Amino acid sequence: MSEQPLNPSPAGTPDDAAAGTASAAPGPSAPGPTGSTAADALSLPAEPASDAAPDALSDEDAAARRAASFERARRLRQEPRFPGGPAADPAGSHHERRIRSFQPRRSRVTTGQQESLERLWPQWGLDIDGKRVLDLAELFGGLPVVLEIGFGMGEATAQMAADDPGTGILAVDVHTPGQGNLLGLAEKAGSTNVRVANGDAVILLREMLAPESLDGLRVYFPDPWPKARHHKRRLIQPDFLDLVAPVLRPGAIVHCATDWEPYAEQMLEVLTAHPRFENTAADGGYAPRPAFRPLTRFEGQGLDKGHVVHDLLFARV
């Protein structure tokens, strides 16, 4: 799982949010309202006149070109890749000076993923724009709903949805290929209990979910941000749990999993210290992997490297 948001992955990560992932180069720009791209809409400064002062004009020209390049890049980031699909920057009016645990990834989208996004997003997708409170009962037909932050390519999420059709899964990530892949997998399995949310999970938790509207939270293999100077980007932090607690029903389970030992230790410490959560493990430590959590691709990669996977299950009190 990649962290989004926010993986808070996660990323993972899941972070945020998706959810803590490496940046990728932006995809191709979508046509604007007039059929031109953002790059076409911006004109570069004219060439300097031959009798002008070369040094002064050269400095002015370079500054203007830098400004035009910056504006081109900004507009391209905000353009949707697929008309009617996930927005490039759904909460553009909610820019905040805070550390995020994820970075949007606009990597290559396959033909199948693109087809799924264009056809299924209007029915099963939503942008995290921070402009409304979601009616989860209407969105999921009255099913209890679990929030999953950071789902990677969606294989594990699709399997959990198929295995438990009586539970709705609100799956959040910022990875466009993964969004399209999950939509396609859910349709292929005949699962109608998955909704894919695009954007920052922090905005979703803070502004778009009603109090006690969720029956659980899943954060699987968020970005561990292994370098000490990056630990502040990890999703599972006290401030994040402060956002999570009010939107969970009493008894709802927060389920985290990671194969990064130092991050597992931090998760255990932070969750144990929070007054709104109680460890379901009798010994106050890690829990056995529940049967409902599939072996994820990230987990398999970690096991191949000799990593030990830790599950943590805490109940909201």
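Up top is the structure these notes are about.
Predicted model, so just to flag it, every value in this text is computed and none were measured.

**Brief notes about the sheet that holds strand β9 (residues 277–279)**
Reading across from one edge, β3-β6-β5-β4-β7-β8-β10-β9 is the order of the eight strands in this open sheet, with mixed pairing throughout. The sheet is open, and its two edges are formed by β3 (125–127) and β9, each paired on a single side. Going across the sheet, the axis of each strand differs from the next one's by a mean of 25 degrees, ignoring polarity. Where strand β4 (residues 145–149) and strand β7 (residues 214–220) come together, three bridges link them in parallel fashion. Bridge pairing in β7 places glutamate 148 opposite arginine 218. In the packing of helix α9 (residues 261–273) onto the sheet, the strands contacted are β8 (248–258), β9 and β10 (310–316), and the crossing angle to β10 comes to about 15 degrees.

**Here we look at the pattern of salt bridges**
The full count for this structure, using the stated rule, is nine salt bridges. Of the charged contacts, one joins aspartate 61 and arginine 65 as a salt bridge, the two residues approaching to 2.8 Å between their closest N and O atoms. Taken together, the positions of aspartate 61 and arginine 65, both in helix α2 (residues 54–78) and four residues apart, correspond to about one turn of that helix. Given the relative accessible area of 29%, arginine 65 is considered partly exposed. Put simply, glutamate 207 and arginine 206 hold a salt bridge, and the shortest N to O gap is 2.6 Å. Judged by its relative accessible area of 23%, glutamate 207 falls in the partly exposed class. Its relative accessible area of 36% is what places arginine 206 among the partly exposed residues. Connected via shared salt-bridge partners are Glu115, Arg119 and Glu187.

Rules behind the numbers
- Residues numbered from 1 in each chain as written.
- Predicted model: local features only at pLDDT ≥ 70, side-chain atom pairs only at ≥ 80, totals over all residues.
- Heavy atoms only, no water.
- Pairing = 2+ DSSP bridges.
- Helix = DSSP H or I, 4+ residues; strand = E, 2+ residues; numbered from the N terminus.
- Axes fitted to C-alpha atoms, helices over the stretch in contact; angles between N-to-C directions.
- Contact = heavy atoms within 4.5 Å.
- Salt bridge = Lys/Arg side-chain N within 4 Å of Asp/Glu carboxyl O.
- Buried < 20%, exposed > 50% of the residue type's maximum accessible area, 1.4 Å probe, protein only.

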